[in-house]
Amino acid sequence: MTIQEIATIIHGDVVGNAHHQIIMPAKIEEATSEHITFLANKKYLDFMTNSKAGCVIISKALFSAEMKGNFILVDDAYTAFTKLLSLYVAQQNTEISPQAFIHQSAKIGQQVQLFPFVFIGENVRIGNNCIIYSNVSIYKDCVIGDNCIIHANAVIGSDGFGFAQLSDGSYQKIPQLGNVIIEDDCEIGANTCIDRATLGSTIIRKGVKLDNLIQVAHNVEIGEHTVIAAQTGISGSTKIGHHNRIGGQVGFVGHIHVAPYTQINAQSAVASSVKNEHTAISGTPAIDIKQHFKATVVYKNLPELERTVRNLQAEIEKLKSKD
Amino acid sequence: MTIQEIATIIHGDVVGNAHHQIIMPAKIEEATSEHITFLANKKYLDFMTNSKAGCVIISKALFSAEMKGNFILVDDAYTAFTKLLSLYVAQQNTEISPQAFIHQSAKIGQQVQLFPFVFIGENVRIGNNCIIYSNVSIYKDCVIGDNCIIHANAVIGSDGFGFAQLSDGSYQKIPQLGNVIIEDDCEIGANTCIDRATLGSTIIRKGVKLDNLIQVAHNVEIGEHTVIAAQTGISGSTKIGHHNRIGGQVGFVGHIHVAPYTQINAQSAVASSVKNEHTAISGTPAIDIKQHFKATVVYKNLPELERTVRNLQAEIEKLKSKD
Amino acid sequence: MTIQEIATIIHGDVVGNAHHQIIMPAKIEEATSEHITFLANKKYLDFMTNSKAGCVIISKALFSAEMKGNFILVDDAYTAFTKLLSLYVAQQNTEISPQAFIHQSAKIGQQVQLFPFVFIGENVRIGNNCIIYSNVSIYKDCVIGDNCIIHANAVIGSDGFGFAQLSDGSYQKIPQLGNVIIEDDCEIGANTCIDRATLGSTIIRKGVKLDNLIQVAHNVEIGEHTVIAAQTGISGSTKIGHHNRIGGQVGFVGHIHVAPYTQINAQSAVASSVKNEHTAISGTPAIDIKQHFKATVVYKNLPELERTVRNLQAEIEKLKSKD
């Protein structure tokens, strides 16, 4: 593509050689003459001096006439570059690998890409425009919406962890007969597990983004546009509201409700329901984030605090003996 | 199946139309005329009013003559429904997928179901009545007992994490020549990893239930009928007793022993052996669960405690100056 | 192999029948006449009494003339045995499974073993002498060096977790166009995930050893000869120095730098950069390891400390009233 063609797509103005050919995007410090890159933050202006990029998409506010090279001037270089990247990715062909397994009763939508060694079980339904990477396992009866991406080796619909203890101390499996529903526009990370419901459905609502190695137990529900970082685990039947932002390695106990717009710090243990929207929490067990940060400061100095208390004891003993 | 046929299986009494046909089980709030559901808790009695279920298995104590519809009366509706679900699941045919890989030296028992893309290595032995879901990897020499379920993408027998540091600071691999033995009646969760022993065996005893994304390191042993929730990790050579109940995201250091019937709270760090049976522990590092809960209460108010101590210091200074 | 042949390989002296045939290595307590084992620690001398091993590799310092059986005497029995194990493992043939998927544009080196259901994407390059176990997924453009081992179901090159929040609260995917580079002599554990960079590369330097179920986010760099235990997670753009030793279930926030030779205790939360080499840290958030251990001791007794403070308050009130 020429710089002019790219400028037309991202609605920018060319400064320099509009006919120069660009092959792919790159980081500003690694870009050579066949690459296009971007500059959206004055912090990175220094990189311009030595840049060998074939073209720089630059926010108008940062551009100055002395700069050498080819440029596309736009209002917001970051947004423009992201748009360009999306187009670059979308050029890839979609296809269904002959080495994927699709049960004859499953239904797959239009423009779906299935990589090798994907397993699609009985009665599974997959919407349009989905990408499912290699070695993903989708158990029977699960439903995936449109525009979803499921990364490699994720497992959708494995049995919930449900057992009844018998009088001899052993456990009997409680059959897990529900399914998993993933609504439109979701992304599921590599090696993430979403268990099927005992009865009914484990539900991942529209626009949810799950990172890698996350555990979602049976009958959980995650609200629209909630994002969850890697290695977090959610116990059975917990309902998480919409627009939550949840850090990595967080744990949730079962059967609680978390209000919409909750923000949860990494490694927290959420041990009870969060009732008010727009709450920020942290800690094990999780409490108000500000209260928790104050507590961690004291925690570091606990040995000193203990010494202070011991000294006070001694001083009081002295005072008492003087009485 | 007719309601009468189901009633015979679960030893219940029919009220209503015994000839009505049922196709599958469902949740009470979702059941329609072809479904059977259950009512075992008076909390859910309200659901009865609008239920369209073809049949409800109901505990005798909850049934009243005014209720409309078809019923099977039993002593304990929950137990009866669970029995029915198990039969429903068992109807599925078992088969070995032609897209599973089985090494020619491996031995597979009767009534085993292998899903596509299962890898069974050299000399692996698998007992009878096992289900191994898609994309599971079982390394060579591992042994699986009867009636085991291994969920998708689990890894059995990967190398233990063993390296010897050389004088130049680099690491030399210590070959891991042992195996993994999983005894009868175990269930292994999706994406769970069980490493082979350096020499000898990593052992999962009879009836153990492991949830998803669990890490079991080399030479670990887990005692009979212990259940472990998701994302817990057990370091090398640790021995866990029988009938433990272990929460999610727990960590165990290596080379410790945990007594039988220990209960461990989620996110705990077990840093030393647990010597007495029937102990309950929690925290990082894990201590007696009651002591830990008291400590967490004080922890939340640490900034306040510190302020109190500061005030006491000031008061004592005042008292001293008066002397 | 005869005992004499083995002795020649490990530079030892035979005592006993040098022509006895050995088939494989075993633990001292399990070895029978076809096995070879080792004794390097006087703690295990008692096992000698009942050992049925066909041969024992023994450190010279531990050998005494009364011992019965066949022996190979060496300076350090442990090192010699490890060398033997490595040879034993290396005897296995390397081969590329016809059930692995290799994109036509990928380049695979010499002496590479690919197990069934390995997925190798477009333009991937793999060096010499690598073993890649079953169900591993390697996304396009990733680069693996020489002498690497990647365990089953690991994922290399999945998309980084990058989204831009739009004004309506939903998230737009930021395309992840970089790759993953794994240098020579690395070992990657089962079910571990290494995300590709947004632009540029996520880099695992020479000699790094990663355990199972680890999360490495986009644009992370891990320095040479660093070892990381299971279930640890590293957030985006964090740079970890060389020769770190990192425990299990540790979490790192994004965009920090960790100095070389840092030691990090299991379950820690590394919330800020570590500036000095040879630092040892622990805790949530991680602080100096000694300071943290002192704090944990006080933590256990927090309720008692609080009672002490309350008592002091009462005593001071008494003293004040006497004034």
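The rules behind these values
- Residues numbered from 1 in each chain as written.
- Chains lettered and ligands numbered in written order.
- Predicted model: local features only at pLDDT ≥ 70, side-chain atom pairs only at ≥ 80, totals over all residues.
- Heavy atoms only, no water.
- Helix = DSSP H or I, 4+ residues; strand = E, 2+ residues; numbered from the N terminus.
- Rg over C-alpha atoms; globule rule 2.2 N^0.38 Å.
- Buried < 20%, exposed > 50% of the residue type's maximum accessible area, 1.4 Å probe, protein only.
- Contact = heavy atoms within 4.5 Å.
- Lys, Arg positive; Asp, Glu negative; His and termini not counted.
- Charge placed at Lys NZ, Arg CZ, Asp CG, Glu CD.
- Buried area = accessible area lost by both parts, 1.4 Å probe.
- Salt bridge = Lys/Arg side-chain N within 4 Å of Asp/Glu carboxyl O.
- Polar contact = N/O pair within 3.5 Å; in protein donor to acceptor, adjacent residues only side chain to side chain.
- Least-squares fit on C-alpha atoms with pLDDT ≥ 70 in both.
- Axes fitted to C-alpha atoms, helices over the stretch in contact; angles between N-to-C directions.
- Parallel < 35°, antiparallel > 145°, perpendicular 65-115°, else oblique.
- Left-handed = near helix turned anticlockwise from the far one by under 90°.
- Nonpolar A, V, L, I, M, F, W, Y, C, P; charged D, E, K, R; others polar.
- Domains from an automatic or database assignment.
- Phe/Tyr/Trp six-rings, centres within 6.5 Å; stacked < 30°, edge-to-face > 60°.
- Pairing = 2+ DSSP bridges.

**Focus: the overall build of chain A**
(1) Moving on: In terms of helices and strands, chain A carries five helices and 34 strands.
(2) Moving on: Taking 2.2 N^0.38 as the reference for a compact globule, 323 residues should give roughly 20 Å; the C-alpha atoms of chain A span a radius of gyration of 27 Å, well beyond that estimate.
(3) Moving on: Relative to its full complement of 323 residues, chain A shows a buried share of 54%.
(4) Moving on: For chain A, long-range pairs separated by at least 24 residues make up 18% of all intrachain contacts whose partners lie at least 6 apart in sequence.
(5) Moving on: Charge separation in chain A, taken as the distance between the mean sites of 26 positive and 30 negative side-chain charges, equals 6 Å.

**Side note on the interface of chain A and chain B**
(1) Moving on: Contacts between chain A and chain B engage 65 residues on the former and 58 residues on the latter.
(2) Moving on: Interface area for chain A against chain B, summed over the two sides, is near 4700 Å², with a carbon-plus-sulfur share of 64%.
(3) Moving on: Considering only the side of chain A, the residues that lose the most area to chain B are A:Phe161, A:Tyr171 and A:Leu199, jointly responsible for 14% of the buried surface there.
(4) Moving on: Linking chain A to chain B there are two salt bridges.
(5) Moving on: Joining chain A to chain B, the criterion identifies 24 residue pairs in polar contact (both at pLDDT 80 or more).
(6) Moving on: Only β15 (155-158), β16 (163-165), β17 (171-173), β20 (193-195), α4 (289-300) and α5 (302-322) of chain A provide two or more residues apiece to the side of chain A that touches chain B.

**What about the relation of the copies chain A and chain C?**
(1) Moving on: At an RMSD of 0.3 Å, chain A and chain C line up after a rotation of 120° and a shift of 0.1 Å along the axis. One copy is carried onto the other by what is essentially a three-fold rotation axis.

**Examining the packing of α5(A) against helix α5 (residues 302-322) of chain C**
(1) Moving on: Contact geometry of α5(A) with α5(C) gives a least axis separation of 10 Å together with a crossing angle of 30°. Taken together, α5(A) and α5(C) sit at an angle that is classed as roughly parallel. Note on packing geometry: the crossing formed by α5(A) with α5(C) is left-handed. Touching A:Leu302, A:Leu305, A:Glu306, A:Val309, A:Leu312, A:Gln313, A:Ile316, A:Glu317, A:Leu319 and A:Lys320 of α5(A) are C:Leu302, C:Leu305, C:Thr308, C:Val309, C:Leu312, C:Glu315, C:Ile316 and C:Leu319, all from α5(C).
(2) Moving on: Looking at side-chain class alone, the contact of α5(A) with α5(C) contains twelve nonpolar, two polar and four charged residues.

**Observations regarding the interface of chain A and chain C**
(1) Moving on: Contact with chain A, which involves 57 residues of that partner, is made by 65 residues of chain C.
(2) Moving on: Of the roughly 4800 Å² buried where chain A meets chain C, counting both sides, 64% is carbon and sulfur surface.
(3) Moving on: Our count for the chain A to chain C interface comes out at two salt bridges.
(4) Moving on: Ionic pairing is found between C:Glu315 and A:Lys320, a salt bridge with its closest N-O pair at 2.6 Å.
(5) Moving on: Counting across the chain A and chain C interface gives 25 residue pairs in polar contact (both at pLDDT 80 or more).
(6) Moving on: For the side of chain A that touches chain C, the secondary-structure elements that each account for two or more residues are α3 (77-90), β22 (209-210), β25 (227-228), α4 and α5 of chain A.
(7) Moving on: Looking at the side of chain A that touches chain C, the element that brings in the most residues is α5(A), giving eleven residues.

**Things to note about the domain arrangement of chain A**
(1) Moving on: The domains assigned to chain A are domain 1 (3-90) and domain 2 (96-290).
(2) Moving on: The gap between the C-alpha centroids of domain 1 of chain A and domain 2 of chain A is 38 Å.

**A few points about the packing of aromatic side chains**
(1) Moving on: Counted by the stated rule, this structure contains 33 aromatic pairs over all chains.
(2) Moving on: With 5.2 Å between their ring centres and 65° between their planes, C:Phe63 and C:Phe71 make a pair best called edge-to-face.
(3) Moving on: Put simply, the rings of A:Phe101, A:Phe119, A:Tyr139, B:Phe115 and B:Tyr133 touch in pairs and so form one group of aromatic residues.

**Topic: the sheet that holds strand β3 (residues 35-39) of chain A**
Sheet strands line up and pair through hydrogen bonds in the backbone, either parallel or antiparallel.
(1) Moving on: Here we have five strands laid out as an open sheet, ordered β1-β5-β4-β3-β2 (chain A), and mixed in their pairing. Every other strand in the sheet has two partners, leaving β1 (13-15) and β2 (24-25) of chain A as the edge strands with one partner each.

**A look at the pattern of salt bridges**
Pairing between side chains becomes possible if they bear opposite charge and their charged atoms approach one another.
(1) Moving on: Evaluation of the coordinates by the stated rule reveals 30 salt bridges over all chains.
(2) Moving on: Between B:Arg205 and B:Glu221 there is a salt bridge whose closest N-O contact spans 3.2 Å. Placement of the pair is B:Arg205 in the loop between β21 (201-204) and β22 (209-210) and B:Glu221 in strand β24 (residues 221-222), with a sequence separation of 16 residues.
(3) Moving on: Connected through salt bridges with shared partners, the residues A:Asp159, A:Lys173 and B:Glu187 form a single ionic network.

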